[in-house]
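Close look at the chain arrangement
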Amino acid sequence: MVTLAAFHGAGGHVVGPRVAERLGVPFLDRGILTGVAEQLHVPERAVEQLDADTEKKPRSILRRYFDSLGRASIADSTGALDVEREEGRYRAEIEEFLARAVSQGGVVLGRGGAVVLSQAPGALHVMLAGPVHSRVRRIMQLDGLDAEEAERRVLTNDRVRIEYVRNSYGVDPEDPGLYHLWIDSTALDVDTCVELIVTAARSRARHPAAATADPMTSADHE
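To start, this report covers the structure provided alongside it. Because the structure is a prediction, the values reported are computed rather than measured. (Residues numbered from 1 in each chain as written. Predicted model: local features only at pLDDT ≥ 70, side-chain atom pairs only at ≥ 80, totals over all residues. Heavy atoms only, no water.)

**Some points on the overall build of the protein chain**
From N to C terminus, the protein chain includes eight helices and five strands. Going from N to C terminus, the protein chain has its helices and strands arranged as β-α-α-α-α-β-α-β-α-α-β-α-β. Within the protein chain, the proportion of its 222 residues that are buried is 45%. Taking contacts inside the protein chain between residues at least 6 apart in sequence as the whole, the part at least 24 apart equals 69%. Of the roughly 11000 Å² of accessible surface on the protein chain, 51% is carried by carbon and sulfur atoms. (Helix = DSSP H or I, 4+ residues; strand = E, 2+ residues; numbered from the N terminus. Buried < 20%, exposed > 50% of the residue type's maximum accessible area, 1.4 Å probe, protein only. Contact = heavy atoms within 4.5 Å. Areas by Shrake-Rupley, 256 points an atom, 1.4 Å probe, with all protein chains shown as cover.)

**Thoughts on the nonpolar core**
In this structure, M1, L98, M127 and Y179 are the most contacted members of the largest nonpolar core, which totals 24 residues. Counting residues per element, the ones that place at least two in this core are α4 (83-104), α5 (113-116), β3 (124-129) and α7 (147-169). Sort the elements by how many residues they give to this core and α4 lands first, with five residues. Setting aside its immediate chain neighbours within four residues, M1 contacts L28, L98, A101, V102, G105, G106, V108, L117, G122, A123 and L124. (Core = buried A, V, L, I, M, F, W, Y, C linked by side-chain atoms within 4.5 Å.)

Here you go:
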């Protein structure tokens, strides 16, 4: 099992599928959303942007969806829906989905995977990062944006992702102790990033009991 945390512009949506292909396991990105939506009996659109590349605050779409249900319930005199409880259900479903996926293997992008699966035997936890200016330059090239807009998107998305993990799990997602491998993916090409992760994942799979308290290995960590 591999969990990938990635800041905006660090290439998580490129590296993740390629790592999964090399390891012969599913890239669970879309499957998580589908599975959770089915379990919660809500439209997939209600959860699809909760932790994707978006400038909306985490859970905003789900909150609006449940808020609309709450208003309907008020009209029916059945009382307002407890939105916080439903958001808790969402997080619980994510956690259960990831726990079940461990037995089959897979690559998970985002969703606090390094925290949720911190005790999963043999799981490899990876952070893809890089200096802001390097990620801004990449977003300028990929999305055809000027420097000001690209920087705004990078900083906004970074903030959203950090707040999501902090608010949901009470930990700092920038804590290097959460990860076995921290890669500056702006300094290395995609093939090299994939090779590093695949090699480390295979090593973890062979030695799942190798101390979870071992110091983090850093490929290019400042």
